[in-house]
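In case you want the letters, here they are:
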Amino acid sequence: TAMQLKDTALFRQQAYIDGAWLDADSGQTISVNNPATGEILGTVPKMGAAETRRAIDAAERALPAWRDLTAKERSQKLRRWFELLMENQDDLGRLMTLEQGKPLAEAKGEIAYAASFIEWFAEEAKRIYGDTIPGHQKDKRILVIKQPIGVTAAITPWNFPAAMITRKAGPALAAGCTMVIKPASQTPFSALAMVELAERAGIPKGVLSVVTGSAGDIGNELTANPKVRKISFTGSTEVGAKLMEQCAPGIKKVSLELGGNAPFIVFDDADLDEAVKGAMQSKYRNAGQTCVCVNRIYVQDGVYDAFAEKFQAAVAKLRVGNGLEEGTDIGPLIDDRAAAKVREHIEDAVAQGARLVAGGQAHQMGGSYFEPTVLVDVPDSAKVAKEETFGPLAPLFRFKDEAEAISKANDTEFGLASYFYARDLGRVFRVAEALEYGMVGINTGLISTEVAPFGGVKSSGLGREGSKYGIEDYLEIKYLCMGI
Ligand code: ADP
């Protein structure tokens, strides 16, 4: 088969609920295809509300024992899971490339990134500190303790099939919560392989379940069920808003990591070669399908032509192909709908006067492959200036001064990642503080790491993932007032 895994038991075609591998009650399945070839890789159960309810009940039953382990005991199990993820990096990477399409080197890189969250939160599990506060009266003592929220749920997207799961499951389990995960239907095999390894690491049954199937039915149950105390979602702003609305009646906590529309600003005083390198990394990683991918490139007048030329030269070197082949920089997009959106943004910009200087077409490989594309002299009114493209399209805009760059960069409902290149120290601080974004890359195009807080402002979401802040989203603060 196409799988060719060293450990064939990592390829699971059943859901994992309460420590058991199960089919849907209805017997129905969803097929999962390889976007590089269109070939069907296998199927997963098409589950709905009933199976989700069972996973939630199991998570509730598993909660007291998991919560009551010492932090060190939970930490050791997570550490073991981290080690198993790394030991199986080749298989997990291959599985991911097959179902998601990203180049193998990127897929293996994502496994290391995904595993790093489990390692990090295994360490943080032991550092959930409370507080003592000087009392407000002579005979009062005040303590603050932190406790796990309880049963939690995660709904995750297809662009990072492994890391978006561990970034949620890591802090949840470290804090003493249990979790039900609904992975994206395009990429469920990565989730199932990881939970197989969690089981081998000794994570008890019910603590972590994976339910595959209908997003609407599973999402409805996760949001409506009062036993679930928190939902963490990564995906589109549209679905995020809907989930938040569904969580409102039950006053359920939500963490949302939603869409972005990242600006990348190149000032006159930037190191242009470094800026090109950063823009390439941030724009074309995962074929442009990340929520922190550069969406709009703003270049100051004085260096616009020089930057455009260097950038175009770098784009000309990119190799499009099957992610399993050595040397591939850009794999296929996840599906035809994704390719259609890129085409729509290109056509709209060109109709408004932008010039196409690279790519612009579906790639000759066919399917959902798309050429890396560069547009110059893009007007601010173009769709690509407002909406997230989620594909390999780089539009270059021109600006005159700092104020104009900041105002254009902030002119969006989104506020996830932003980037700029400059060397003047005063400018670096002014611009960094003025950008209305949760994250700012300064003279770098790569910002993701488990040690730093990832998240957005405005319509890009609520909460932070990773870092010492990431675990707070899974903890409740309890205040103890003691008379003595
Ligand atoms: P994308 O456009 O990146 O696929 P989505 O927001 O559509 O992002 O999907 C992200 C995740 O949300 C996926 O796991 C998907 O199955 C799930 N999802 C989509 N629609 C709903 C919904 N109505 N309720 C719950 N989950 C949903």
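Residues numbered from 1 in each chain as written. Predicted model: local features only at pLDDT ≥ 70, side-chain atom pairs only at ≥ 80, totals over all residues. Heavy atoms only, no water.

Peer 1: For the sheet that holds strand S22 (residues 475–483), give the residues involved together with the corresponding values.
Peer 2: Spatially, three strands are ordered S5-S6-S22 in an open sheet, and the strand pairing comes out antiparallel. Lying at the two open borders of the sheet, with one neighbouring strand each, are strand S5 (131–133) and S22. Geometrically, the sheet is characterised by an average inter-axis angle of 25° between neighbouring strands, direction not taken into account. As judged from the three bridges shared by S5 and strand S6 (residues 140–148), these two strands associate in the antiparallel manner. (Pairing = 2+ DSSP bridges. Helix = DSSP H or I, 4+ residues; strand = E, 2+ residues; numbered from the N terminus. Axes fitted to C-alpha atoms, helices over the stretch in contact; angles between N-to-C directions.)

Peer 1: Can you explain helix H8 (residues 237–247)? Please cite residues and give values.
Peer 2: For H8, the complete set of buried residues consists of Thr237, Gly240, Leu243 and Cys247. The buried residues of H8 all sit within an arc of 120° when viewed along its axis, so they share a single face. Residues of H8 that are exposed and point more than 90 degrees away from the buried face comprise Glu238, Lys242 and Glu245. (Buried < 20%, exposed > 50% of the residue type's maximum accessible area, 1.4 Å probe, protein only. Arc of directions from axis to C-beta.)

Peer 1: Hey, could you go over the environment of Ala349 for me, with residue numbers and the actual values?
Peer 2: Mapped onto the secondary structure, Ala349 falls in helix H11 (residues 336–351). By relative accessible area, Ala349 is classed as buried at 0%. Between the alpha carbons of Ala349 and Asp380 there is a distance of 9.4 Å; along the sequence they are 31 residues apart. Contact partners of Ala349, with chain neighbours within four places excluded, come to Ala354, Leu375, Val378, Pro379 and Ala382. (Contact = heavy atoms within 4.5 Å.)

Peer 1: Let's hear about the site of the ligand: which residues, and what values?
Peer 2: Looking at the ligand, there are 15 residues lining it, with Thr156, Trp158, Lys182, Phe233 and Ser236 nearest. Within the backbone of Thr156, an N or O atom sits 2.7 Å from an oxygen atom of the ligand. Residue Lys182 places a side-chain N or O atom 3.0 Å away from an oxygen atom belonging to the ligand. For the ligand, whose accessible area on its own is 550 Å², the fraction buried by protein is 78%. Of all elements in the fold, only helix H7 (215–224), strand S10 (228–234) and H8 reach the threshold of two or more residues within the shell around the ligand. Per-element tally for the shell around the ligand: the top contributor is H8, with three residues. Split into classes, the residues belonging to the shell around the ligand amount to eight nonpolar, five polar and two charged. (Near = heavy atom within 4 Å. Polar contact = N/O pair within 3.5 Å; in protein donor to acceptor, adjacent residues only side chain to side chain. Areas by Shrake-Rupley, 256 points an atom, 1.4 Å probe, with all protein chains shown as cover. Nonpolar A, V, L, I, M, F, W, Y, C, P; charged D, E, K, R; others polar.)

Peer 1: Explain the environment of Gly278 residue by residue, including any values.
Peer 2: Summarising the element assignment, Gly278 is placed in helix H9 (residues 272–284). Note on Gly278: relative accessible area 2%, which makes it buried. Here the alpha-carbon distance between Gly278 and Leu446, two residues 168 residues apart in the chain, equals 7.2 Å. In contact with Gly278, other than residues within four places in its own chain, are Phe264, Tyr421 and Gly445.

Peer 1: Now, about the pattern of salt bridges: what can you tell me, with residues and values included?
Peer 2: Taken as a whole, this structure holds 34 salt bridges when the rule is applied. Linking Glu196 and Arg200 is a salt bridge whose minimum nitrogen-to-oxygen distance equals 2.8 Å. With Glu196 and Arg200 both in helix H6 (residues 188–200) and four residues apart, this pair spans about one turn of that helix. Judged by relative accessible area, Glu196 falls into the buried class, the value being 6%. Relative accessible area serves as the criterion here: at 38%, Arg200 is assigned to the partly exposed category. One salt-bridge network, in which partners are shared between bridges, spans Arg79, Arg80, Glu83, Glu87 and Glu119. (Salt bridge = Lys/Arg side-chain N within 4 Å of Asp/Glu carboxyl O.)

Peer 1: Just give me the short version of the packing of aromatic side chains, but keep the residues and values in it.
Peer 2: Enumeration according to the criterion identifies 11 aromatic pairs in this entry. Their ring planes at 65° and their centres at 4.9 Å tell us that Tyr113 and Phe117 sit as a pair that is edge-to-face. Separated by four residues within a single helix, Tyr113 and Phe117 lie in helix H4 (residues 104–124), roughly one turn from each other. Look at Tyr113 and you get buried, because its relative accessible area is 17%. One aromatic cluster in this structure is built from Phe264, Tyr419 and Tyr421. The ring of Trp21 is capped by Arg12, whose NZ or CZ atom sits 4.3 Å from the centre of that ring. Lying over the aromatic face of Phe454, Arg167 brings its terminal NZ or CZ to 4.0 Å of the ring centre. (Phe/Tyr/Trp six-rings, centres within 6.5 Å; stacked < 30°, edge-to-face > 60°. Lys NZ or Arg CZ within 6 Å of the ring centre and 35° of its normal.)

Peer 1: Please set out the sheet that holds strand S14 (residues 355–358) residue by residue, giving values where relevant.
Peer 2: Consider a sheet: its strands pair through backbone hydrogen bonds, and that pairing is either parallel or antiparallel. Strand order across the open sheet formed by seven strands is S14-S15-S16-S13-S12-S18-S19, with mixed pairing between neighbours. The open sheet has two free edges, formed respectively by S14 and strand S19 (439–442), since each of these has just one partner strand. In this sheet, adjacent strand axes meet at a mean angle of 25° when their direction is disregarded. Where S14 lies against strand S15 (residues 373–376), three bridges are found, and the strand directions are antiparallel. Counted as the bridge partner of Ala358 is Val374 from S15. Of the strands in this sheet, strand S12 (262–266), strand S13 (294–300), S15, strand S16 (393–399) and strand S18 (417–421) are in contact with H9, which crosses S12 at around 170°.

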